Amino acid sequence: MSELVGSDGVQSCDVSCEQLHQWRPGALRRALEVAGATELGLPNFIIGAGHRCHLPMIAARRSFGGRSVVLMKPSLPVSLFDFAVIPEHDRPPPLPNVLTTLGALTGPLPKAPAQPNTGLILLGGPSRHFAWDCVALERDINQLAASSVRWTLADSRRSPDSSLLRLAQPEFNVVSWSECEPGWLEQQLASVEQVWVTRDSISMVFEALQSGAQVGILNLPSRHRKNKVYSAVQRLVDLGLVTTSLDDAAKSPVIRREPLNQYRQIASALLRRCNLDFSQ
């Protein structure tokens, strides 16, 4: 919204619902006062993500007005919110207040020039949708390593402890998530030419699509025949936004891909639906 109306046109603050177990008016007002929200005046939007924010959002809207925007498929009825922004793979109901996205919303990345012949490999981990096949990943990553790309290999919280040690190549730059400074991933995504992500991590796939890099998918075996994450990634393959062909790693991208910028599209849709003017 700041990009659309200008930074002077948007005031916001973050309100944590982590400890807000009592969402009654007194407790809610104290939480808003601590966050500095009450100093901003009455809100146009109350935006939240996470199940713990649902009741506080509803209570805040009843007390202070504005439009409630939940950034997920809520556990409460969608009709309790003014808007719900829901990824396609969560099968959103066809309701007038639902805005559908291809996948998880991610914010803009830092502005950085792409470093030639650089690539980032991001490891997820076993999940309820995918099994972790280190043998298959080792084979595929070995093929990526055969290219002339300078690779950085990074794991995540869900990655098995042995993954980095087993999958790293001698020439790789290896980084553990536990050692990363805040903002490290965003800076890497902004500056590499290509990113390869294991198929289980739909969030990292969409973070990579927010960059201008070529995005590739490292396959993993599905646990179920009906797998909404598998289907969501396959839709990206069908749209030509990502590739599953390891041969593409050896081809330097001719031009930078346009970032997906779903956050901007949703902000624009909300402003239009609420008849709020924006100049850019």
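Given the structure is predicted, the values throughout are model-derived calculations rather than measurements.

(A) Structural view of the overall build of the protein chain. Counting its regular elements, the protein chain contains nine helices and nine strands. Taking 2.2 N^0.38 as the reference for a compact globule, 280 residues should give roughly 19 Å; the C-alpha atoms of the protein chain span a radius of gyration of 21 Å, in line with that estimate. Expressed as a percentage of the 280 residues in the protein chain, the buried residues total 46%. Here the analysis covers contacts within the protein chain between residues at least 6 apart in sequence; of these, 62% occur between residues at least 24 apart. Accessible surface, the protein chain as shown: approximately 15100 Å² in total, 50% of it carbon and sulfur. Here the protein chain carries 28 positive and 26 negative side-chain charges, and the mean point of each set is 10 Å from the other.

(B) Empty space enclosed by the protein, seen in detail. Here the structure, examined in full by the defined rule, presents one cavity of 30 Å³ or more. For the largest cavity, the calculated volume is near 30 Å³. Residue lining of the largest cavity: Ala104, Thr106, Phe206, Gln210, Leu260 and Gln262, and that is the complete set. For the lining of the largest cavity, the per-class residue count stands at three nonpolar, three polar and no charged.

(C) Representation of unusual backbone geometry within the structure. Positive phi values are uncommon outside glycine, yet asparagine 117 reaches one of about 55 degrees. Position of asparagine 117 among the secondary structure elements: in the loop between strand S4 (98-101) and strand S5 (118-122). Phi is positive for asparagine 261, close to 55 degrees, though the residue is something other than glycine. Assignment of secondary structure puts asparagine 261 in the loop between helix H8 (228-238) and helix H9 (262-273). With a relative accessible area of 23%, asparagine 261 lands in the partly exposed category.

(D) Expanded view of the sheet that holds strand S3 (residues 83-87). If you trace the four strands from one edge of the open sheet to the other, you get S1-S2-S3-S4, paired in parallel fashion. Each edge of the sheet is formed by a strand with only one pairing partner; in this case those strands are strand S1 (45-48) and S4. Ignoring strand direction, the axes of neighbouring strands in this sheet form an average angle of 20 degrees. By the bridge criterion, two bridges tie strand S2 (residues 67-70) to S3 in an arrangement that is parallel. The partner of valine 70 across the bridge, within S3, is alanine 84. Along the sheet, H9 contacts S1, S2, S3 and S4; its crossing angle with S4, the most-contacted strand, is approximately 165 degrees.

(E) A look at the nonpolar core. Ile121, Leu122 and Val195 are the most contacted members of the largest nonpolar core, which has 47 residues in total. Ranked by the residues each element gives to this core, the list is headed by helix H7 (residues 202-209), at six residues. Discounting residues that sit within four places of it in the chain, isoleucine 121 has contacts with Ile141, Leu144, Trp151, Thr152, Leu153, Ala154, Phe172, Trp196 and Leu218. With 18 residues, the next largest nonpolar core counts Cys53, Ala59, Ala60 and Ala84 among its residues.

(F) Here's a closer look at the layout of surface pockets. Of the volumes computed, that of the largest pocket is approximately 1600 Å³. Along the walls of the largest pocket sit 45 residues, with Gln11, Ser12, Cys13, Phe45 and Ile47 positioned nearest its centre. If you list the elements that add at least two residues to the lining of the largest pocket, you get helix H1 (2-5), helix H2 (25-35), S1, helix H3 (54-64) and H9.

(G) The arrangement of the packing of aromatic side chains in detail. By the definition in use, this model includes zero aromatic pairs. Over the face of the ring belonging to tyrosine 230 we find arginine 199, whose NZ or CZ atom lies 3.8 Å from the ring centre.

(H) How the structure looks around the sheet that holds strand S8 (residues 194-198). Read across the sheet, five strands follow the order S7-S6-S5-S8-S9 without closing on themselves; strand pairing throughout is parallel. Because the sheet does not close on itself, it has two edges, and the strands there are strand S7 (173-175) and strand S9 (214-218). Here the average twist between neighbouring strands, direction ignored, is 20 degrees. Contacts from H7 reach S5, S8 and S9, with the element oriented near 170 degrees to S8.

(I) Region of the structure containing a positive patch on the surface. Judged by side-chain charge, Lys73, Arg91, Arg225 and Lys226 come together as a positively charged surface patch. Among the structural elements, arginine 91 can be located in the loop between S3 and S4. Note on arginine 91: relative accessible area 56%, which makes it exposed.

Procedures and definitions
- Residues numbered from 1 in each chain as written.
- Predicted model: local features only at pLDDT ≥ 70, side-chain atom pairs only at ≥ 80, totals over all residues.
- Heavy atoms only, no water.
- Helix = DSSP H or I, 4+ residues; strand = E, 2+ residues; numbered from the N terminus.
- Rg over C-alpha atoms; globule rule 2.2 N^0.38 Å.
- Buried < 20%, exposed > 50% of the residue type's maximum accessible area, 1.4 Å probe, protein only.
- Contact = heavy atoms within 4.5 Å.
- Areas by Shrake-Rupley, 256 points an atom, 1.4 Å probe, with all protein chains shown as cover.
- Lys, Arg positive; Asp, Glu negative; His and termini not counted.
- Charge placed at Lys NZ, Arg CZ, Asp CG, Glu CD.
- 1 Å grid on protein atoms, 1.4 Å probe; cavity = no way out; pocket = protein on both sides within 12 Å on 5 of 7 lines; lining within 4 Å.
- Points joined across faces, edges and corners; volume = space filled by probe spheres on them.
- Nonpolar A, V, L, I, M, F, W, Y, C, P; charged D, E, K, R; others polar.
- Pairing = 2+ DSSP bridges.
- Axes fitted to C-alpha atoms, helices over the stretch in contact; angles between N-to-C directions.
- Core = buried A, V, L, I, M, F, W, Y, C linked by side-chain atoms within 4.5 Å.
- Phe/Tyr/Trp six-rings, centres within 6.5 Å; stacked < 30°, edge-to-face > 60°.
- Lys NZ or Arg CZ within 6 Å of the ring centre and 35° of its normal.
- Patch = residues over 30% accessible without salt bridge, like charges linked within 9 Å, V, L, I, M, F, W, Y side chains within 5 Å.
- Salt bridge = Lys/Arg side-chain N within 4 Å of Asp/Glu carboxyl O.

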